[in-house]
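# Reading the structure
Chain by chain, the residues:
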Amino acid sequence: LLFQVLHRANSFLFTQYKYLAAFTVIFAVVIFLFLGSVHRFSTASQPCQYTKGKTCKPALANAVFTTMAFLLGAVTSVVSGFLGMRIATFANARTTLEARRGIGAAFATAFRSGAVMGFLLSSLGLLVLYVAIKLFGLYYHDDWEGLYESITGYGLGGSSMALFGRVGGGIYTKAADVGADLVGKVERNIPEDDPRNPAVIADNVGDNVGDIAGMGSDLFGSYAESTCAALFVASISSFGADHDFAAVCYPLLISSAGLVVCLVTTLFATDFFKVKTVRGVAPALKLQLIISTALMTVAALVVTFAALPAKFTMFDFGEQKQVKNWHVFFCVAIGLWAGLAIGFTTEYFTSNAYSPVRDVADSCRTGAATNVIFGLALGYKSVIVPLLAIALSIYVSFTLASIYGIAIAALGMLSTVATGLAIDAYGPISDNAGGIAEMAGMSRRIRQRTDALDAAGNTTAAIGKGFAIGSAALVSLALFGAFVSRAGVTVINVLSPKVFAGMLAGGMLPYWFSAMTMKSVGSAALKMVEEVRRQFSTIPGLMEGRATPDYASCVRISTDASLREMMPPGALVLLAPLVVGTFFGVHTLAGLLAGALVSGVQVAISASNSGGAWDNAKKYIEAGASEHAKSLGPKGSEAHMAAVIGDTIGDPLKDTSGPSLNILIKLMAVESLVFAPFFAAHGGLIVN
């Protein structure tokens with residue numbers, strides 16, 4: 001069974017990558033043609049846009065190098081996701097085996113595996129970006145405007161792959177999960193991950209390709225985009241004019257310091273304060289967030305005063321803003337601590353240790369309808385604190401260092417991404433370890449240990465999604481500012497009908513996108529449920545364990561649905577900025593980006609937290625760890641059936657639509673930045 005999971009996961013990813021390779025080549029040609037046509041594919045040098053009196057490399061060179069950066073970002077994103085999936089699939093079985101020794105050994109294995117993935121992804125993204133800057137610099141020399149403008153293609157490539165990875169992987173895993181739960185748990189009353197369930201292999205494969213590979217590509221995209229936005233804004237400020245390489249590469253130095261900090265932080269969970277009991281799992285993971293944030297604050301202070309001059313100027317929409325180095329440090333710090341606030345708020349609303357999730361579980365007494373109502377209300381309420389934290393970060397960082405401050409705040413939130421990925425990947429690894437224990441027929445004691453790890457993992461996964469969404473908001477705004485600057489727009493008038501119409505259309509896009517992804521999961525799940533029912537009713541001895549299910553047919557349903565259904569949502573996200581910018585101009589496109597940002601962040605947080613709360617409410621009832629939980633259980637009770645239905649509704653919300661929305665707002669913004677020269681020169685064919 002374990003071999004089947006690994007084989008099917010590899011098979012799906014390679015098939016998906018064939019589709020993505022075709023898309024990447026086509027979109028690379030589009031980038032070259034659009035950017036090359038800005039000056040009619042001229043090879044003559046052009047006057048620099050920001051440094052008056054100097055000439056910069058031709059637009060054709062920008063088209064070539066942006067295309068190369070796009071391809072580089074796409075390949076790096078795919079490699080990051082694939083390597084993360086390979087690490088997770090090997091770690092699953094090892095965690096199960098270590099659970100025989102005790103909860104501490106299993107936790108250490110799962111967490112170290114997640115840490116390996118986190119460090120691999122972070123260091124790979126940093127290394128490839130640095131090498132690209134140095135290689136591109138061999139051609140651009142002292143034209144830093146052109147150099148760092150072309151580097152923005154790296155972020156576009158990373159996010160493009162992340163979108164398809166998140167959507168495709170999300171559809172795959174949730175179609176299998178919903179089918180396995182509805183028929184296996186609700187109708188047949190068999191345990192989760194029972195090998196008699198025909199959808200169990202597809203479910204476990206989905207955890208690897210969706211929660212691991214998709215999530216890895218997602219956070220890589222956020223990291224790449226925030227770095228590219230900060231580098232571009234720095235290059236058109238005094239750093240670029242003075243050719244101060246250390247100051248321009250300050251974002252890379254912050255990320256490098258973050259790797260060292262995360263390495264030290266990891267030792268606190270695996271060596272300094274080892275987990276010995278079930279009660280110690282959740283506090284150990286929370287301690288990772290606190291320690292990494294505190295240490296990174298100190299590291300950022302050292303890097304800031306070492307790399308940046310005492311005073312300098314930053315580009316501020318046509319003006320030059322006087323900034324001091326300690327201003328930039330506060331931007332990093334507020335991004336860090338806002339991320340921590342978002343993480344703890346997410347934990348409060350999605351962990352069954354607190355009253356919100358217990359209230360959702362209690363609502364299951366009266367059926368699935370009240371469970372759904374309570375879960376939706378929880379999701380809406382959970383938006384308040386994260387949005388206030390993001391708003392405060394934006395206000396302070398913009399006041400201190402203009403749009404560069406927002407980009408640095410986003411990078412601050414992502415500077416501990418290695419730790420964030422470690423605790424995020426820990427969840428799916430623990431979940432699959434429990435599945436392997438169940439499928440292998442291991443003792444109930446081992447399954448209880450893996451379930452305890454998984455319960456903490458559900459909350460850490462929700463925290464990881466909160467970080468991703470919060471950082472996406474800051475990254476998108478930084479990219480938005482860079483786009484407006486590159487397009488030559490100094491004022492965005494909300495009262496302008498072009499801008500306001502764009503805002504309304506942008507606010508609608510997250511709902512349209514969510515509708516497409518939710519329906520895709522529903523359609524695939526419908527086929528999965530029918531197939532699982534068919535096998536239970538037509539294969540003699542399946543329920544008794546005397547016959548083997550046809551796992552391949554369920555895997556085929558998830559694979560076909562994922563590959564087919566991931567294209568329309570991806571096309572919506574990629575075509576919207578191109579169509580609006582080309583036909584309606586940069587002002588309407590600016591409104592579109594602003595509307596999508598404001599709407600998308602709130603829908604994403606609400607969807608992710610509602611789904612996480614429903615999931616943990618179900619596990620709260622199943623665990624029966626308190627008198628209240630025992631009064632709602634046991635498994636198979638009416639309250640438990642209602643909780644399973646709520647969890648099933650929440651699955652596509654928290655693992656498909658919600659996480660994909662943060663990529664939507666980032667991808668649209670970075671795409672607009674990359675195509676900004678074309679929109680400024682030729683955009684507005686209908687409304688100029």
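It should be emphasised that the depicted structure is a prediction, and the values quoted were computed from it without experimental measurement.

## Quick look at the overall build of the protein
- Assigned secondary structure in the protein consists of 21 helices and four strands.
- The C-alpha extent of the protein, read off along each of the three principal axes, is 80 × 50 × 45 Å.
- For the protein, the proportion of its 688 residues judged to be buried stands at 66%.
- Across the protein, every contact between residues at least 6 apart in sequence was considered, and the portion connecting residues at least 24 apart equals 84%.
- Roughly 23700 Å² of accessible area belongs to the protein as shown, and the carbon and sulfur atoms make up 66% of that amount.
- Each charge class in the protein was averaged separately, 47 positive and 43 negative side chains, and the resulting centres sit 3 Å apart.

## A closer look at the packing of helix 11 (residues 355-362) against helix 18 (residues 567-623)
- Taken N-terminus to C-terminus, the directions of helix 11 and helix 18 make an angle of 70 degrees; their axes are 8 Å apart at the nearest point. As summarised for this structure, helix 11 and helix 18 are arranged roughly perpendicular, according to the angle between their axes. Crossing angle aside, the handedness with which helix 11 passes helix 18 is right-handed. Along its contact with helix 11, which presents Val357, Arg358, Val360 and Ala361, the element helix 18 presents Ala613, Trp614, Asn616, Ala617, Tyr620 and Ile621.
- For the contact of helix 11 with helix 18, the class distribution of residues is eight nonpolar, one polar and one charged.

## Here we look at a nonpolar patch on the surface
- Among the surface-exposed residues, Leu575, Val579, Phe583, Phe584, Leu685 and Ile686 lie close enough to one another that they form a single nonpolar patch of about 560 Å² accessible area.
- Residue placement: Leu685 occurs in the segment after helix 21 (676-682).
- Residue classification places Leu685 among the exposed positions, given a relative accessible area of 60%.

## Considerations on empty space enclosed by the protein
- For the coordinates displayed, the defined rule picks out seven cavities of 30 Å³ or more.
- Roughly 110 Å³ of internal volume is contained in the second largest cavity.
- Together, Leu219, Leu289, Ser292, Thr293, Met413, Leu414, Thr416, Val417, Thr419, Gly420, Gly464 and Phe467 line the second largest cavity.
- Of all elements in the fold, only helix 9 (281-307), helix 13 (384-414), helix 14 (417-439) and helix 15 (444-486) reach the threshold of two or more residues within the lining of the second largest cavity.

## So, the pattern of salt bridges
- Applying the stated criterion across every chain, the model contains 18 salt bridges.
- Measuring nitrogen to oxygen at the nearest pair gives 2.9 Å for the salt bridge that ties Lys618 to Asp647. Of this pair, Lys618 sits in helix 18 while Asp647 sits in helix 20 (residues 638-674); the two residues are 29 residues apart in sequence, bridging distant segments of the chain. In this pair, the class of Lys618 matches that of Asp647, namely buried.

## What about helix 20?
- Here helix 20 spans 54 Å end to end across 37 residues, near enough to the 54 Å set by a 1.5 Å rise per residue.
- Of all bends in helix 20, the biggest is about 35 degrees, found at Gly650, and the proline Pro652 comes one to four residues later.
- The buried fraction of helix 20 amounts to 34 of the 37 residues, a majority that puts the element mostly inside the structure.

## Description of the environment of Ala69
- Mapped onto the fold, Ala69 is located in helix 2 (residues 59-98).
- Residue classification places Ala69 among the buried positions, given a relative accessible area of 1%.
- Spatially, the C-alpha atom of Ala69 lies 6.9 Å from that of Ser150, the residues being 81 residues apart in sequence.
- When near neighbours in sequence (up to four residues on either side) are disregarded, Ala69 contacts Phe136, Ser150, Ile151, Gly153 and Tyr154.

## As for the packing of aromatic side chains
- Under the defined criterion, the tally for this structure stands at 26 aromatic pairs.
- Between the aromatic rings of Phe27 and Phe675, the centroid separation amounts to 6.1 Å while the plane-to-plane angle is 75 degrees, which identifies the pairing as edge-to-face. Of this pair, Phe27 sits in helix 1 (residues 2-36) while Phe675 is found in the loop between helix 20 and helix 21, placing the two residues 648 residues apart along the sequence.
- Their ring planes at 75 degrees and their centres at 6.3 Å tell us that Trp144 and Phe245 sit as a pair that is edge-to-face. With a gap of 101 residues between them, Trp144 in helix 4 (residues 144-187) and Phe245 in helix 7 (residues 245-248) connect regions that are remote in the sequence.
- Trp144 gets classed as buried once you look at its relative accessible area, which sits at 10%.
- Members of the aromatic cluster, each reached through a chain of ring pairs, are Phe23, Phe27, Phe34, Phe70, Phe164, Phe675, Phe678 and Phe679.
- Here the basic side chain of Lys57 rests over the ring of Tyr139, its NZ or CZ set 4.9 Å away from the ring centre.
- The aromatic ring of Phe245 is capped on one face by Lys134, whose charged end is 4.7 Å from the ring centroid.

## Quick word on the environment of Thr293
- Within the fold, Thr293 resides in helix 9.
- With 280 residues separating them in the primary sequence, Thr293 and Val573 have C-alpha atoms 33 Å apart.

## Let's talk about the layout of surface pockets
- Roughly 1500 Å³ of internal volume is contained in the largest pocket.
- Along the wall of the largest pocket there are 47 residues; nearest its centre are Asp451, Ala452, Ala455, Lys619 and Ala623.
- At the level of elements, helix 9, helix 14, helix 15 and helix 18 are the ones that each hand at least two residues to the lining of the largest pocket.
- A total of eleven residues in the lining of the largest pocket trace back to one element, the largest contributor, which is helix 15.
- Here the lining of the largest pocket is built from residues that sort into 20 nonpolar, twelve polar and 15 charged.
- A volume near 550 Å³ is recorded for the second largest pocket.
- Along its surface, the second largest pocket is lined by 33 residues, and Leu477, Phe480, Ala594, Leu597 and Val598 are the ones closest to its centre.
- If you list the elements that add at least two residues to the lining of the second largest pocket, you get helix 13, helix 15, helix 16 (497-538), helix 18 and helix 20.
- Per-element tally for the lining of the second largest pocket: the top contributor is helix 18, with nine residues.
- Each residue belonging to the lining of the second largest pocket can be placed in one class, and the counts come to 28 nonpolar, five polar and no charged.

Conventions adopted
Residues numbered from 1 in each chain as written. Predicted model: local features only at pLDDT ≥ 70, side-chain atom pairs only at ≥ 80, totals over all residues. Heavy atoms only, no water. Helix = DSSP H or I, 4+ residues; strand = E, 2+ residues; numbered from the N terminus. Buried < 20%, exposed > 50% of the residue type's maximum accessible area, 1.4 Å probe, protein only. Contact = heavy atoms within 4.5 Å. Areas by Shrake-Rupley, 256 points an atom, 1.4 Å probe, with all protein chains shown as cover. Lys, Arg positive; Asp, Glu negative; His and termini not counted. Charge placed at Lys NZ, Arg CZ, Asp CG, Glu CD. Axes fitted to C-alpha atoms, helices over the stretch in contact; angles between N-to-C directions. Parallel < 35°, antiparallel > 145°, perpendicular 65-115°, else oblique. Left-handed = near helix turned anticlockwise from the far one by under 90°. Nonpolar A, V, L, I, M, F, W, Y, C, P; charged D, E, K, R; others polar. Patch = residues over 30% accessible without salt bridge, like charges linked within 9 Å, V, L, I, M, F, W, Y side chains within 5 Å. Salt bridge = Lys/Arg side-chain N within 4 Å of Asp/Glu carboxyl O. 1 Å grid on protein atoms, 1.4 Å probe; cavity = no way out; pocket = protein on both sides within 12 Å on 5 of 7 lines; lining within 4 Å. Points joined across faces, edges and corners; volume = space filled by probe spheres on them. Expected span 1.5 Å × (residues − 1). Bend = angle between axes of the 7 residues up to and from the residue. Phe/Tyr/Trp six-rings, centres within 6.5 Å; stacked < 30°, edge-to-face > 60°. Lys NZ or Arg CZ within 6 Å of the ring centre and 35° of its normal.

Limitation: the analysis is restricted to geometry and does not speak to function.
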